[in-house]
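Notes for the structure review
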Amino acid sequence: MSIILIEPLTAESFAPFGQVIDLDGAEHFRINNGMTERYHDLARVELGGDGSRPLISVFRGQPYDLPLSLRLVERHPLGSQAFYPLGDRPFLVIVAGDLSGTPDLPRAFITRPGQGVNIAMNTWHGVLTPLEVASDFLVVDRGGDGNNLEEYHFDVPHLVRHPQAGERT
């Protein structure tokens, strides 16, 4: 069993897997007679395949405990998948590169409150992983024809944990 240490989520470290959705430093401008601040073009929505269309959903995820035994990752070959928390709790993002159709060694990131992610099309990733409390997320992904889900089950699970042994978020 390999041990995967949780890293802080940054735009640079997450770039091979998609984009970090973060208002800090994002392009923004005033609209609606100056009463609204628009944070513009925060992620690249990718849609592939016939009859594709964007979906906007709310997912309510139950919390996971750390350390986490990572047994499954999935990917969406026909579209990206964005997760933006509707609360102020951090969550865990697990991603992996591709090795000829199977996932590479996963990486685990912890978000800051208010950060979300857009996982690029065809990128291996863990399931939605809130920590400590049930949490709601705005999710933008692909709807339409075709199979947009592949799952991979690890023969030997990976152990995801904090660099410090306390395992609290």
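Summary of the structure given here. What you see is a predicted model; the values in this text were computed from it and never measured.

Moving on: the overall build of the protein chain. Counting secondary structure elements, the protein chain contains 1 helix and 16 strands. Relative to a compact globule of 169 residues, whose C-alpha radius of gyration would be 15 Å, the protein chain shows 16 Å and is just as compact. When its C-alpha atoms are laid out on the principal axes, the protein chain stretches across 55 × 40 × 30 Å. Buried positions account for 41% of the 169 residues belonging to the protein chain. Of all intrachain contacts in the protein chain linking residues separated by at least 6 positions in sequence, the fraction that spans at least 24 positions is 82%. Working note: accessible area of the protein chain is about 9,200 Å², and carbon and sulfur atoms make up 51% of it. In the protein chain, which carries 13 positive and 22 negative side-chain charges, the distance between the mean positions of the two groups comes to 4 Å.

To continue, consider the pairing of strand S12 (residues 116-119). Burial along S12 is two-sided: Gly116 and Asn118 and Val117 and Ile119, pointing in opposite directions, are all buried. Two strands pair when backbone bridges link them, and strand S2 (residues 18-21) and S12 are joined in this way by 4 bridges, in the antiparallel orientation. Across the sheet, Ile21 pairs through a bridge with Gly116, a residue of S12.

This paragraph deals with the pairing of strand S11 (residues 107-110). Two elements, strand S1 (residues 3-8) and S11, share 3 bridges in a ladder whose sense is parallel. Bridging across to S11, Glu7 finds its partner in Phe109. The pairing of strand S8 (residues 91-96) with S11 spans 4 bridges and is classified as antiparallel. The partner of Ile94 across the bridge, within S11, is Ala108.

Conventions we followed
- Residues numbered from 1 in each chain as written.
- Predicted model: local features only at pLDDT ≥ 70, side-chain atom pairs only at ≥ 80, totals over all residues.
- Heavy atoms only, no water.
- Helix = DSSP H or I, 4+ residues; strand = E, 2+ residues; numbered from the N terminus.
- Rg over C-alpha atoms; globule rule 2.2 N^0.38 Å.
- Buried < 20%, exposed > 50% of the residue type's maximum accessible area, 1.4 Å probe, protein only.
- Contact = heavy atoms within 4.5 Å.
- Areas by Shrake-Rupley, 256 points an atom, 1.4 Å probe, with all protein chains shown as cover.
- Lys, Arg positive; Asp, Glu negative; His and termini not counted.
- Charge placed at Lys NZ, Arg CZ, Asp CG, Glu CD.
- Pairing = 2+ DSSP bridges.

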